[in-house]
Every structure is written in C-alpha cells, then in structure tokens.
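# An overview of the molecular structure
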Amino acid sequence: SLKEAMETTMSSDREKILASARDELASEQKKVVELTRSKLALESKLRVLAQTAECRKASSFVQERETDMVVAAAKAELDGAHKKNEELENKIRFLEESHKESLDTSERKYEEISTKYME
C-alpha cells in the first residue's frame, strides 16, 4: 500500500514533469518559429537594402558618365569654336593683306598715271 502510494505519487510527479517539459518545449518551439520569422524578415530587408545601395551606385555611375559625356561634348564644341575662330582670323588676315596689296597696287598705278599726266 505504501509502495502503491509511492508509485502513484512518482507516476503523478513524472506526468507533471513531462507535462511541464512539453509546455516548455512548445514554448521554445514558438520562440524558434518567431526568431526564424524575424531572421527571414531581416534577411529580406538586407537584400532590399543591398539592392537599393547597388541601384544608387549604378545611378551614381550613370550620372558620372552622363556628366563626362556632357563635359566632353562641351569641350569638343569649344575646340570646334576655337578652330572656327582661328580660321576666321586667318581669313581676316588674308583679306586685310589682300586689301593692302590691292591698295598698294592701286596707289602705284595712281602714281604712275599721275606721273604720266604730269609729264
């Protein structure tokens, strides 16, 4: 009878311990599920942030290339304008020299004609 009472008590204690362990295991499993969800959410956010950073980096690269292209185009335009200006200055010099030669020739002819009439 004492033996039965002890076995009943031990059996009851064992079931209480098992029930408590099951409850604790279920609670821990819930925590694992919650932590796994949090981990997956954080990994997803990290992927989005990495993609955003990559997009910004690519956008910055594109903007730099566009700026380089604009600068190169402006430089080419400026070089073209300098070349055109130089060509125009050369034409002006040529025309001035031609005009001067023409004037010199006209003056000589005028002097020749004047001299002939004076004689």
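Preceding block: the structure.
Structural notes, computed from the coordinates.

So, how was this worked out
Residues numbered from 1 in each chain as written. Predicted model: local features only at pLDDT ≥ 70, side-chain atom pairs only at ≥ 80, totals over all residues. Heavy atoms only, no water. Helix = DSSP H or I, 4+ residues; strand = E, 2+ residues; numbered from the N terminus. Rg over C-alpha atoms; globule rule 2.2 N^0.38 Å. Salt bridge = Lys/Arg side-chain N within 4 Å of Asp/Glu carboxyl O. Buried < 20%, exposed > 50% of the residue type's maximum accessible area, 1.4 Å probe, protein only. Patch = residues over 30% accessible without salt bridge, like charges linked within 9 Å, V, L, I, M, F, W, Y side chains within 5 Å. Areas by Shrake-Rupley, 256 points an atom, 1.4 Å probe, with all protein chains shown as cover. Lys, Arg positive; Asp, Glu negative; His and termini not counted. Charge placed at Lys NZ, Arg CZ, Asp CG, Glu CD.

### A few points about the overall build of the protein chain
Helix and strand counts for the protein chain stand at one helix and zero strands. Its C-alpha atoms give the protein chain a radius of gyration of 51 Å, more than 25% over the compact-globule value 14 Å for 119 residues.

### Concerning the pattern of salt bridges
Counting across every chain of the model gives five salt bridges. We note a salt bridge from Arg65 to Asp68, for which the minimum N-O separation is 3.0 Å. Here Arg65 and its partner Asp68 are both found in helix α1 (residues 2–118), three residues apart, which amounts to about one turn of the helix. Residue classification places Asp68 among the partly exposed residues on the basis of a relative accessible area of 41%.

### Topic: a nonpolar patch on the surface
A surface patch of nonpolar side chains, about 340 Å² in accessible area, is lined by Leu2, Met6 and Met10. Relative to the assigned elements, Leu2 resides in helix α1. Using a relative accessible area of 65% as the deciding quantity, one classes Leu2 as exposed.

### A closer look at a negative patch on the surface
Among the surface-exposed residues, Glu96, Glu97, Glu101, Asp104, Glu107, Glu111 and Glu112 lie close enough to one another that they form a single negatively charged patch. Structurally, the position occupied by Glu101 is in helix α1.

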